[in-house]
Amino acid sequence: MEVLVLNFILNSVLGSGKVLSPQEMNVIEHNTQRIVYWNIGHKVTYLMYPIALIAMAIFVYGMYKRYKMWMQGKADDNRGDDLAQRMEGAFEGVFLHKKILKKGYAGLMHGFIFFGFLMMLIATAITTIEADTPANFLDGTFYKVFSFTIDAFALLLIAGIIMAIYRRDVQKPKNLETTNDDWYAISFLLISVILGFALEGIRIAITDPSFERVSFVGWAISRAIMVFNPSIEFLASLHKGAWWMHFMTTMFFIASIPYTKFLHIITGPLNIFFRKRAPLGQLKIIDMENLDEESRFGASEIMDFSWKDMLDLDACIRCGRCEDVCPAHNTGKPLSPKKMINDLREHMVDESTGKNKENGINLIEMRITEDVLWSCTSCGACMVACPMEIAHVDKIVAMRTNLVMGQGKLPVEAANAIKKMGKNGNPWGLPQNERANWAKELKITNLDETPDADFDYILWIGSMSSYDNRSQKVAKAFVKILQHLDIKFAILGNLEKASGDAVKRIGAEDVYQDLAKHNIVQLDKFGMNTVNGNVPKKIIALSPHSYNVIKNEYPLLGGQYNVIHHTELLSSLINAGKLNIDGELLKTVTYHDSCYLGRYNGVYEDPRNILNSIKGINLVEMEHNTEESFCCGAGGGRMWMEEPLGTRINEKRADEAIAVKCDVVATGCAFCMTMITDGMKAKDKDDDIKVLDIAEIVAHSLGLIEVKALKK
Ligand code: SF4
Ligand code: SF4
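Residues numbered from 1 in each chain as written. Chains lettered and ligands numbered in written order. Predicted model: local features only at pLDDT ≥ 70, side-chain atom pairs only at ≥ 80, totals over all residues. Heavy atoms only, no water.

A.B. asks: How do you make sense of the overall build of the protein when you look at a structure like this?
C.D. replies: Counting secondary structure elements, the protein contains 28 helices and 9 strands. In terms of overall dimensions, the protein has C-alpha extents of about 105 × 60 × 50 Å along its principal axes. In the protein, which comprises 712 residues, the share counted as buried stands at 55%. Residue pairs at least 24 apart in sequence account for 77% of intrachain contacts in the protein once pairs closer than 6 positions are excluded. Carbon and sulfur atoms make up 56% of the accessible area of the protein, which totals about 30,700 Å². Taking the average place of the 77 positive charges on the side chains of the protein and the average place of its 84 negative ones, the gap between the two points comes to 2 Å. (Helix = DSSP H or I, 4+ residues; strand = E, 2+ residues; numbered from the N terminus. Buried < 20%, exposed > 50% of the residue type's maximum accessible area, 1.4 Å probe, protein only. Contact = heavy atoms within 4.5 Å. Areas by Shrake-Rupley, 256 points an atom, 1.4 Å probe, with all protein chains shown as cover. Lys, Arg positive; Asp, Glu negative; His and termini not counted. Charge placed at Lys NZ, Arg CZ, Asp CG, Glu CD.)

A.B. asks: So what exactly am I meant to see when it comes to the site of ligand 1 here?
C.D. replies: Near ligand 1 there are 13 residues, and of these Cys316, Cys319, Cys322, Cys386 and His392 occur at the shortest range. Of the residues assigned to the shell around ligand 1, the class counts are 8 nonpolar, 2 polar and 3 charged. (Near = heavy atom within 4 Å. Nonpolar A, V, L, I, M, F, W, Y, C, P; charged D, E, K, R; others polar.)

A.B. asks: Looking at this structure, how should I read the pairing of strand β4 (residues 538-541)?
C.D. replies: Two faces belong to every sheet, and in a regular strand the side chains alternate between them. Sheet analysis places strand β2 (residues 457-460) next to β4, joined by 4 bridges and oriented parallel. When the bridges of β4 are listed, Tyr457 appears paired with Lys538. Sheet analysis places β4 next to strand β5 (residues 563-565), joined by 3 bridges and oriented parallel. In the strand pairing of β5, Ile539 is matched with Val563. Considered for its hand, the β-α-β crossover made up of β4, helix α23 (residues 544-553) and β5 is right-handed. (Pairing = 2+ DSSP bridges. Right-handed = clockwise from strand over helix to strand, strands pointing away.)

A.B. asks: What am I meant to see in the sheet that holds strand β6 (residues 588-591) here?
C.D. replies: Spatial strand order, β7-β6-β8-β9: 4 strands in an open sheet with parallel pairing. Each edge of the sheet is formed by a strand with only one pairing partner; in this case those strands are β7 (618-620) and β9 (690-693). On average, each strand axis in the sheet is inclined to that of its neighbour by 35°, with strand direction left out of account. Pairing of strand β8 (residues 664-667) with β9, which is carried by 4 bridges, proceeds in the parallel orientation. (Axes fitted to C-alpha atoms, helices over the stretch in contact; angles between N-to-C directions.)

A.B. asks: Just to check I follow, could you spell out the side chain of Gln522 for this structure?
C.D. replies: Mapping Gln522 onto the fold places it in helix α22 (residues 509-525). For Gln522, a relative accessible area of 7% gives the class buried. Those residues in contact with Gln522 that lie beyond four places of it in its chain are Leu492 and Leu495.

A.B. asks: Could you clarify how one ought to interpret the site of ligand 2 in this entry?
C.D. replies: As a structural note, the neighbourhood of ligand 2 is formed by Cys326, Pro327, Leu335, Pro337, Cys376, Thr377, Ser378, Cys379, Gly380, Cys382 and Val393. Residues that form the shell around ligand 2 fall into these classes: 8 nonpolar, 3 polar and no charged.

A.B. asks: I keep staring at helix α13 (residues 337-353) and nothing clicks. Help me out?
C.D. replies: Residues three or four positions apart in an α-helix share a direction because the helix packs 3.6 residues into each turn. Along its 17 residues, α13 runs 25 Å from first to last C-alpha, staying within 8% of the 24 Å computed at 1.5 Å per residue. Among the residues making up α13, those that are buried are Pro337, Lys338, Met340, Ile341, Asn342, Asp343, Leu344, Arg345, His347, Met348 and Asp350. Check the buried side of α13 and you find it contacts α3 (45-71), α11 (307-315), α12 (321-325), α14 (355-359), α16 (381-385) and α17 (392-407). At the C-terminal side of α13, Gly354 shows a positive phi close to 80°. (Expected span 1.5 Å × (residues − 1).)

A.B. asks: How do you make sense of the packing of helix α5 (residues 104-132) against helix α6 (residues 140-171) when you look at a structure like this?
C.D. replies: In a packed pair of helices, the relevant descriptors are the angle between the two axes and the axis-to-axis distance. It is at 7 Å that the axes of α5 and α6 come closest, and there the two elements cross at 145°. The hand of the α5/α6 crossing is left-handed. (Left-handed = near helix turned anticlockwise from the far one by under 90°.)

A.B. asks: Got a minute to help me understand the sheet that holds strand β1 (residues 445-446) in this structure?
C.D. replies: Where strands meet in a sheet, backbone hydrogen bonds hold them as pairs that are either parallel or antiparallel. With respect to topology, 5 strands assemble into an open sheet ordered β1-β3-β2-β4-β5, the strand pairing being parallel. Two strands in the sheet have a free side with no partner beyond their single neighbour: β1 and β5. In the packing of α23 onto the sheet, the strands contacted are β2, β4 and β5, and the crossing angle to β5 comes to about 160°. Its contacts with the sheet put helix α24 (residues 566-575) on β2, β4 and β5, and the angle it makes with β5 is roughly 80°.

This is how it looks when you write it as structure tokens:
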């Protein structure tokens, strides 16, 4: 009887062309099989495929427009290098959700939606292959597993959607604004999955094969439908209506991808694939030797950015993770990395439609203000947090470079520091020939005086430890440790100049290159360059900023060196059993990660290893630590600028240290030490909490120096 009824539906009620014989109906009843286009009929494809083609055409047109928009940017080299690594990174970023899952609730939510949605796409593809090719595999055990899996993942998708609604409508996190675009995406997903389940439930309610219990959600819906005892004709019509709605929703989705939030389905994986694979702390250089009249320094117009920068802008999903971690934003400065990226995106779109010209909107000042650009400490927290691998700092420095070199607009203190570094090789404008004065009584091999001396390491002092009294103590403490261990090292003395990290990030590329080239020549004199082969000699950098620039940026100017930070050396000596610290320190210590050592170069464990190897030290972590460490406020040249906007970043960091009730804040950076010390003073805690370099703590524990604050 059921066989006859179903045939009746297919033949007359739906008039769709597919007529099942009694034998075929037996298949439905007794075999585990899914008949595709059931109740719809294969002739529907005559209408279905043209509609699908139209949707695809709208999609392709939209993507082509985006592509043209990105390609207005400049060329960008090395984005197609090392395909295997790029694929691996894209796989980790997209399919393993490596960064996304770092945020508990939001990560899980996105994971549920992503994997649920992915499974729906796979199911649609499998069903299409089954329906419209000679392949025939949706039966037997495969069908059962397929059907069960699809139902399970669709449930996961619903769970993710509910979590998204709860997050946007109830939780409303501070840095997550919700637009109509977000609600469109959420509504589409919800409608689509509900229609899918409805279709399945109605189909099972009509055909009622027992094996469909595996489609457990559809089965439950079918039982609920049967409670109302509807007529088969009614259900069949309902099924057909739902099928068309589901189909049209899907087509609408495809067509809307380039024009809505769904764009990130395409731009996200692309952006992660083409991500910056150079070290995070490496900024591009300007070819100063081949400038012509048309050349602009940095970026003053959107077209000065590269196509990859443009793709970055289109990949942003406004998740707010960058804003959450931004020290500038969190201390009331006008900079929000999320807003900046989205303002740039708006500018890119308006540029392509001619709106910028029409409305007389320029990029810097009218779209992105100077205050926004000067607020950045280049701490890199935004880039590390961004699940789309967007490079914020590179864009900020490009715009600063244009302000500095193209327009001469920069804070007066920054201009002074640049001038002095250019003229005297240090930010205070002190005489270059006084650079090594601090070392006079320490019997250090000075290559400026004894160029033929034998050494294994060059100790890179940096401007802070060369001229600043407080930082000199760190250099002296470290020197004592090296001498205690009979390590053969030398300094460049007056041959060394500022590494150029700060001027580069302020935007004075010309001064940076002059300083870098000078230092490269000096280092090369002593056979340190590894460009032409392995060189066992290493540079030990006391400053994470010098460390980063020499290690990651000098290679772009031909200087390639083995560089380690002083904490890396101490840690490796401890691990090798060559440095045994017998002294005991009954102190509670917290370690402040320097952005340029930790986030930019991944050195998190070595400083902690050193502190943990000293008996008695109780090492405690501040609220923000390691990858999520909070900047001290001095990076990106901000060390040499006033902080007139918002509250002070260093005071916020000092608050975090005060909150963990420590006796000592340990650092491995002269900038951090200065900034946090000032923060402690501002909080009136400088008598209770001392800020010390790890080298000082080690030297004191070895009995080589006496640090008053560490005495019991
Ligand atoms: S830039 Fe990255 S972290 Fe910031 S909102 Fe966009 S996607 Fe999120
Ligand atoms: S680098 Fe740091 S200060 Fe600059 S935008 Fe990113 S998080 Fe904010």
